[in-house]
Amino acid sequence: MLKVIFYTKEICSLCEDAKALLLMFQHEYGFELEERDIYSKDEWLEEYQLLIPFVQINDTSLNCEELNMERLEQAIIHNLEG
């Protein structure tokens, strides 16, 4: 099963929008979603604090500037087919 890792934090409207997209696509494509709060590990905070929401799907990553409905769906489909 495809695993999607979602880096996020509390009180983040962009993160809430991204999570809504992820949940919609999870229902359609049936992948495992792992949500990671960047404040729970120092290395996540250091790496992702300026990039969240951040989505990692295998070798594909989308940061806050790249994350939209079309690109997220393309990344999911690409990794399901790959």
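From a predicted model like this one, the values you see are computed outputs, not experimental measurements. (Residues numbered from 1 in each chain as written. Predicted model: local features only at pLDDT ≥ 70, side-chain atom pairs only at ≥ 80, totals over all residues. Heavy atoms only, no water.)

**Student:** Teacher, can you tell me more about the state of the cysteines here?
**Tutor:** The bond known as a disulfide is covalent and runs between the sulfur atoms of two cysteines. Using the criterion set out here, one finds one disulfide in the structure. The disulfide bridge from cysteine 12 ends at cysteine 15, spanning 2.4 Å between sulfur atoms. Between cysteine 12 and cysteine 15, the S-S torsion sits near 70°, and that sign places the bridge as right-handed. Residue cysteine 12 shares its accessibility class with cysteine 15, and that shared class is buried. Cysteine cysteine 64 is unpaired, with the sulfur of cysteine 12 as its nearest cysteine sulfur at 8.7 Å. (Disulfide = S-S within 2.5 Å. Buried < 20%, exposed > 50% of the residue type's maximum accessible area, 1.4 Å probe, protein only.)

**Student:** Even after reading the chapter, I still don't get unusual backbone geometry, so can you show me in this structure?
**Tutor:** Negative phi is the rule for most residues except glycine; trans is the rule for most peptide bonds. The omega torsion of the bond from isoleucine 52 to proline 53 falls at 0°, within 30 degrees of zero and hence cis. Mapped onto the elements of the fold, proline 53 is located in the loop between helix H2 (42-48) and strand E3 (54-57). Despite not being glycine, isoleucine 11 has its phi angle at roughly 55°, a positive value. Counting through the fold element by element, isoleucine 11 comes out in the loop between strand E1 (3-8) and helix H1 (13-29). Phi angles above zero are rare outside glycine, and asparagine 58 is one such case at about 55°. Topologically, asparagine 58 is positioned in the loop between E3 and strand E4 (60-62). (Helix = DSSP H or I, 4+ residues; strand = E, 2+ residues; numbered from the N terminus.)

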